[in-house]
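# Observations on the three-dimensional arrangement
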Amino acid sequence: MSITAKELAKHLNLSTASVSVALNNKPGVSTSTRKMVLQAARELGYDFSTSTKEGKLAGTIYYVRYINYHSPQEAPFFSYLANSLDKKITDRGYRYKSMKLYGDDSFNEKLDEIRFSDCAGILLLGTDITPDKLRDFYDLGLPLVLMDTWFNSPSINCVKVNNIQGAFLATEYLIKKYNCQPGYLQSSLKLFNYDERFIGYKKALETYRMSVRNSDVIVTLPNNKGAEADMAEILQEKSNFARCYVADTDAQAVGAMNAFIAKGYKVPADVAFIGFDNSSHSQNSKPPLTTIEAYPATMAATSLDRLLDIIAEKNQVPLKIEIGTTIIERGSA
């Protein structure tokens, strides 16, 4: 037989009001008290379905940006998504909290902060998350949607960019425009998204009967300054380049483009570039960068809708939702 909230309060020597606040994911008690109440409730068989109101949990939706402390960059989606989510979440009757969580010694402490908070669900931007850290989030047992990446295990709901399609479109665009085989600016930082983009590039080459073995694949850092420095060094040692390049990121494309321009090349007359993400780097570069639009606002809205569906009905089949891409034509290609 399950324990009631009143019996739980007596067992813990707390007021019924404090126990009710903790069980219903509402603010008003300390983290330590909430942790104590929830642990005791689970151990004593409390029926958590009684803590819902009209089928909807009260509480806060956390937007968590996981940052691998080995990573030299932050995903450009972070600011875009954060700006898109605040009002959308509060309009749906939930409180909103944005958090950066690093893969360092503070990770478990921050995870406990979420576990024993009034968290109703998590939108996890895991662009550079590792499988073991994703498992830690999954093991919280909270409604969760993974954003901007995907893993086969654990089987989890995710919303991500169709990276393969985007890179295919970029490569096909350059093949048709310049009637030649594009090169590829590949990130030295290995991420799932970048791996998918290179797959899209190779698929486009295969479609047009070209071989990746004949491609000029140049590896640089994916950020602006790093790519510029790497490309400047490469330009000192290398003389033969492709007529045009697809890049893993906008920042990488702009950095490489700046190095070429500093060396006396004209863009796009001598060499052309296309990036990925339609970030501020692409809009502010000279010339402005042709890029792939990945629709972060659509990702934010779709992710939130999916999370709310999971909260309303937890036992749902996990879905992998991909956001389509389009080309934004500007002056670099």
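Relevant structure appears above.
The structure contained in this document is the topic of the report that follows. Please read these numbers as outputs of a predicted model, since none were measured by experiment. (Residues numbered from 1 in each chain as written. Predicted model: local features only at pLDDT ≥ 70, side-chain atom pairs only at ≥ 80, totals over all residues. Heavy atoms only, no water.)

Together, V212, V217 and V219 give the surface a local cluster of nonpolar side chains, amounting to about 180 Å² of exposed area. By the secondary structure assignment, V219 is in strand β7 (residues 217-220). V219 sits in the partly exposed class, given a relative accessible area of 44%. (Patch = residues over 30% accessible without salt bridge, like charges linked within 9 Å, V, L, I, M, F, W, Y side chains within 5 Å. Areas by Shrake-Rupley, 256 points an atom, 1.4 Å probe, with all protein chains shown as cover. Salt bridge = Lys/Arg side-chain N within 4 Å of Asp/Glu carboxyl O. Helix = DSSP H or I, 4+ residues; strand = E, 2+ residues; numbered from the N terminus. Buried < 20%, exposed > 50% of the residue type's maximum accessible area, 1.4 Å probe, protein only.)

What follows is about helix α2 (residues 16-23). The α-helix advances 3.6 residues per turn, and as a result positions three or four apart in sequence lie on the same side. For α2, the full list of buried residues reads V19, V21, A22 and L23. Where α2 is buried, its residues meet α1 (5-12) and α3 (31-43). (Contact = heavy atoms within 4.5 Å.)

Attention now goes to the packing of helix α5 (residues 107-115) against helix α6 (residues 131-138). Here α5 crosses α6 at 25 degrees, and the two axes come no closer than 11 Å. Comparing the axis directions of α5 and α6 gives the class roughly parallel. Relative to α6, the crossing made by α5 is right-handed. For the pair formed by α5 and α6, the contact residues are F107, L111 and I114 on the first element and K133, D136 and F137 on the second. Counted by class, the contact of α5 with α6 contains 4 nonpolar, no polar and 2 charged residues. (Axes fitted to C-alpha atoms, helices over the stretch in contact; angles between N-to-C directions. Parallel < 35°, antiparallel > 145°, perpendicular 65-115°, else oblique. Left-handed = near helix turned anticlockwise from the far one by under 90°. Nonpolar A, V, L, I, M, F, W, Y, C, P; charged D, E, K, R; others polar.)

The next thing to look at is the nonpolar core. With 40 residues, the main nonpolar core has I61, Y63, L85, I89, L123 and L174 as its most contacted residues. No other element matches helix α12 (residues 296-312), which puts 7 residues into this core. Aside from chain neighbours lying at most four places away, what touches L174 is N179, P182, C244, Y245, V246, I274 and A333. Core analysis: the next-biggest nonpolar cluster, separate from the first, contains 21 residues, V64, L111, L134 and I156 among them. (Core = buried A, V, L, I, M, F, W, Y, C linked by side-chain atoms within 4.5 Å.)

What follows deals with the packing of aromatic side chains. Counted under the stated rule, the structure contains 11 aromatic pairs. Ring centres 5.0 Å apart and planes at 75 degrees place the aromatic pair F260 and Y265 in the edge-to-face group. Residue class for F260 comes out buried when judged on its relative accessible area of 0%. Taking NZ or CZ as reference, K133 lies 4.1 Å from the ring centre of F107, over its face. If you follow K238 out to its NZ or CZ, it ends over the ring of F241, 5.3 Å from the centre. (Phe/Tyr/Trp six-rings, centres within 6.5 Å; stacked < 30°, edge-to-face > 60°. Lys NZ or Arg CZ within 6 Å of the ring centre and 35° of its normal.)

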